[in-house]
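The lines below spell out each chain.
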Amino acid sequence: MKTIRLSVKTSAHTQMLDITGLVQDAVTKSGVKNGICTIFVPHTTAAVTINENADPDVVRDFMMEINKIVPWEDGYRHMEGNSAAHLKSSMIGFSEQVIIEDGLLMLGTWQGIYFCEYDGARSRKVLLKIMEG
Ligand code: ZN
């Protein structure tokens with residue numbers, strides 16, 4: 001199975017974009033009924049995570065707290081000026097794996113897959129590897 005490249009456009013400096021639908025569409029198109037979908041973010045100032053997609057305040061609180069834990073300005077030395085984004089990316093992580101059963105992502109009732117932007121707005125890529133098994 002070839003690697004699938006998804007394009008994602010973020011519209012804010014810090015953002016959590018629900019990409020569950022995009023990932024499920026790719027799984028459906030792949031025709032894989034049972035297996036694993038790996039979601040990988042090939043950027044150093046973005047990430048991917050799984051969390052609640054029912055109450056939008058969860059995402060709001062998540063972004064508010066992570067911006068407190070890693071402030072944008074804190075005497076960093078990195079010349080590009082976006083050390084906070086690099087830190088947040090590594091903290092949240094660059095990949096997730098979801099089990100596929102009967103052609104559907106086996107996410108919990110309240111779970112969604114989020115692309116996390118930490119230095120937007122930008123055009124971004126998300127890579128998917130869907131493996132049967
Ligand atoms: Zn940088």
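The rules behind the values
Note on numbering: residues in each chain are counted from 1, in written sequence order. Confidence filtering applies because this is a predicted model: local features only for residues at pLDDT of at least 70, side-chain atom pairs given and counted only at 80 or more, and all residues used for totals across whole chains, interfaces and linings. Derived side-chain values reflect all non-hydrogen atoms in the structure, with water molecules and hydrogen atoms excluded from consideration. Helix and strand assignments follow DSSP, with helices taken as H or I runs no shorter than four residues and strands as E runs no shorter than two, numbered in order from the N terminus. Throughout, radius of gyration means the C-alpha value; the globule benchmark is 2.2 Å times the number of residues raised to the power 0.38. Whether a residue is buried, partly exposed or exposed follows from its accessible area with a 1.4 Å probe, protein chains only, as a fraction of its type maximum: under 20%, in between, or over 50%, in that order. Here a residue-residue contact requires only that any non-hydrogen atoms of the pair lie within 4.5 Å. In this description, accessible areas are obtained by the Shrake-Rupley approach with a 1.4 Å probe, and a residue is regarded as covered only by the protein chains that are shown. Positive charge is attributed to Lys and Arg, negative charge to Asp and Glu, and no charge count is given to His or to the chain ends. Note on charges: their place is set at NZ of Lys, CZ of Arg, CG of Asp or CD of Glu. Exposure above 30% relative accessible area and no salt bridge define the residues that can form patches, which grow by joining like charges within 9 Å and nonpolar side chains of Val, Leu, Ile, Met, Phe, Trp and Tyr within 5 Å. By convention in these notes, a salt bridge is any Lys or Arg side-chain nitrogen within 4 Å of a carboxyl oxygen on Asp or Glu. Should DSSP find at least two bridges between two strands, the strands are taken to pair.

What follows is about the overall build of the protein. Summing up its helical and strand segments, the protein has three helices and eight strands in all. Here the C-alpha radius of gyration of the protein, 15 Å, is about what a compact globule of 133 residues would show, namely 14 Å. Principal axes of the C-alpha set define a box for the protein whose edges measure 50 × 30 × 20 Å. Across the 133 residues in the protein, those meeting the buried criterion constitute 40%. Long-range contacts, defined as pairs at least 24 residues apart, comprise 82% of the intrachain contacts of the protein with a sequence gap of at least 6. As displayed, the protein offers around 7,500 Å² of accessible surface, 54% of which is attributable to carbon and sulfur atoms. In the protein, 13 side chains carry a positive charge and 16 a negative one; their mean positions are 10 Å apart.

Attention shifts here to helix α3 (residues 83-92). Regarding α3, the residues found buried are Ser-83, Ala-84, Ala-85, Lys-88 and Ser-89. Tucked into the core, α3 has its buried residues touching β4 (46-52) and α2 (56-69). A positive phi of about 105° marks Gly-93, the residue just after α3.

Now for a positive patch on the surface. Together, Lys-2, Arg-5, Lys-9, Lys-125 and Lys-129 give the surface a local cluster of positive charge. Among the secondary structure elements, those contributing two or more residues to the positive patch are β1 (4-9) and β8 (123-132). In this structure Lys-125 comes out as partly exposed when scored by relative accessible area, which is 38%.

As a further point, take the sheet that holds strand β3 (residues 35-40). Reading across the sheet, the five strands line up as β1-β8-β3-β5-β6 and stay open at both edges, with antiparallel pairing between neighbours. Edge positions in the open sheet fall to β1 and β6 (104-105), since each of these has one partner strand only. As defined by bridge partners, β3 adjoins β8 across six bridges and the pair is classed as antiparallel. Pairing of Ile-39 across the sheet is with Leu-128, part of β8.

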